[in-house]
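So you can see what is in the structure, the chains are spelled out below.
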Amino acid sequence: MKTLLSDAGSADPVTAGSSLEVNGETLRIRGGRPLAGRVEVKGAKNLATKAMVAALLGETASVLRDVPDISDVQVVRSLLEVHGVTVEEGDEEGSLRLDPSGAVSAHFEEIDAHAGASRIPILFCGPLLHLLGEALIPDLGGCRIGDRPINFHMDALRAFGAIVDKSYEGIRITAPHGLKGAKIELPYPSVGATEQVLLTAVKAEGVTELKNAAIEPEIMDLIAVLQKMGAIISYEPNRVILIEGVPELRGYDHRCIFDRNEAASWACAALATDGDIFVGGAKQQEMLTFLNVFRKAGGWFDVREDGIRFRRAGDLKPVMVETDVHPGFMTDWQQPLIVALTQAHGRSTVHETVYENRLGFTAALVQMGADIVVHPNGIDSPDRRVPRRALEQAAVIEGPTPLHGADVVVPDLRGGYSYLIAALAAEGESTVRNVGILRRGYEKLFAKLESLGADFDIVG
Ligand code: EPU
């Protein structure tokens, strides 16, 4: 890898002063080489950012360990800081100490300036309502993978007794009479809305019953964090979570669950490039569904104490995949898998049932030589198991098709990672633009790619 930037790492306000990698936005990649070697995955983005918000609920400081060095963490750190929380490096590498004792209200503009492209501000609502009686949410960002509404969040907050006022700047939420436990049934097991309910109910007066909750491993880890803080939360059968509110919580000391999305991304990189990658820190239990599909697609894996090794078993085979909430196949896994499926012998179908616009990234793969047809309203099929959703789409992938280099622009986090591995699997040179987005969720990405033998330059 050659870095052609003159002042790498200092121009981006989000990454300035952190150990995040160089501020590269465009990569020139020479493909056709298998990725081989070892990479480590740290704490999950989708737990670390939520656990940081939970620190606001404690009377004392919290310590979070194995926090990934990614820009989404920097965004939450900045948001906590504008709310008066002191965030410092902890007693070991990758740990953060979060002290909420000076918490104060912030203004829309301050929150907006630090939120960037993140949807995390919405999860500040419950803790801020408990602490200060008011929460403000500016317009929300996040990956452009569909409408990503927040109606479940607002309905849940109203059920707790909050008042939601919309203004031209965003949303102002108040709780003049405090927050009271509620019976809430989510229309869909949304990860964010489940977290919203947990972060609000733990200190609401009385008992909250949440039906149709999301039960992703990251949510179970957030429950573990909250229990360490003094919360009383039980997980009942059939997606029911019961939370008995308590008046006071203390700080926690917690090591984040590993990032199974990043682990799956590297596994797919091994599959797509015909490489051999050991993912240190990956664990089997949280990846059972992924590993089944990986094996059916012609992958080979070896589960060890300290991680999982991934490579091909032979020729890649076509698979039918339906994304779903946990314990189903995660929506975040389908994009890198689709790159590998372009090299499978036969027709694969990927049904995206979680988001309404998460297959748009395939257009660039087609530009690189893939044969992928997207069905915008999904496809019925007798072998399907996940209930049909109105918003779903499907991708039909015919393989194998050789991939060739192209000039592509990263659309979102997981789609962008897929472009990298497609470019690495392709013959010839590719230019991948807007890779800065990948810093949101992939720690030390360029260094990891380099250590696996990827041939690329950062060109701007
Ligand atoms: N939904 C609503 N209304 C709501 C909330 C959600 O209709 O108020 C719908 C969404 O539009 C979507 C579905 O419910 O169709 C599921 O959304 P969910 O709330 O579960 O997703 P999220 O909390 O916004 C998190 C992760 C995503 C991951 C999904 C699914 C974080 C920060 N984000 O999003 O991760 O794909 O759960 O597991 O935890 C990523 O890491 O790249 C990423 C996008």
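Keep in mind that this is a model prediction, so the values were computed, not measured. (Residues numbered from 1 in each chain as written. Predicted model: local features only at pLDDT ≥ 70, side-chain atom pairs only at ≥ 80, totals over all residues. Heavy atoms only, no water.)

*Asks:* Sorry, what's going on with the sheet that holds strand β13 (residues 240–244) here?
*Replies:* Sheet strands pair by backbone hydrogen bonding; their relative direction is either parallel or antiparallel. Across the sheet, which stays open at both edges, the four strands sit in the order β10-β11-β13-β12 with mixed pairing between neighbours. Strand pairing shows two members of the sheet lacking a second neighbour, β10 (183–185) and β12 (232–236), which therefore form its edges. Each strand axis lies, on average, 15° off the axis of its neighbour in the sheet, ignoring direction. Note that β10 and strand β11 (residues 207–211) share three bridges and pair parallel. Bridging across to β11, K183 finds its partner in E209. (Pairing = 2+ DSSP bridges. Helix = DSSP H or I, 4+ residues; strand = E, 2+ residues; numbered from the N terminus. Axes fitted to C-alpha atoms, helices over the stretch in contact; angles between N-to-C directions.)

*Asks:* Looking at this model, I keep getting lost on the site of the ligand. Mind explaining?
*Replies:* Close to the ligand lie 25 residues; K50, N151, S190, V191 and V354 are nearest. Contact distances for the ligand include 2.8 Å between an oxygen atom and a side-chain N or O atom of D332. Here the ligand loses 92% of its free accessible area of 830 Å² to cover by the protein chains. Considering only residue class, the shell around the ligand consists of eleven nonpolar, six polar and eight charged. (Near = heavy atom within 4 Å. Polar contact = N/O pair within 3.5 Å; in protein donor to acceptor, adjacent residues only side chain to side chain. Areas by Shrake-Rupley, 256 points an atom, 1.4 Å probe, with all protein chains shown as cover. Nonpolar A, V, L, I, M, F, W, Y, C, P; charged D, E, K, R; others polar.)

*Asks:* It is not clear to me how the pattern of salt bridges should be interpreted in this structure. Could you clarify?
*Replies:* Pairing between side chains of opposite charge can happen when their charged atoms approach one another. One pass over the structure, following the stated rule, counts 37 salt bridges. A salt bridge links K448 to E262; the shortest N-O distance between them is 2.7 Å. Taken together, the residues K448 in helix α13 (residues 445–451) and E262 in helix α8 (residues 260–273) connect sequence positions 186 residues apart. When its relative accessible area of 3% is taken as the criterion, E262 is described as buried. Overlapping salt bridges, with partners in common, bring together R28, R30, R33, E429, D455 and D457 in one network. (Salt bridge = Lys/Arg side-chain N within 4 Å of Asp/Glu carboxyl O. Buried < 20%, exposed > 50% of the residue type's maximum accessible area, 1.4 Å probe, protein only.)

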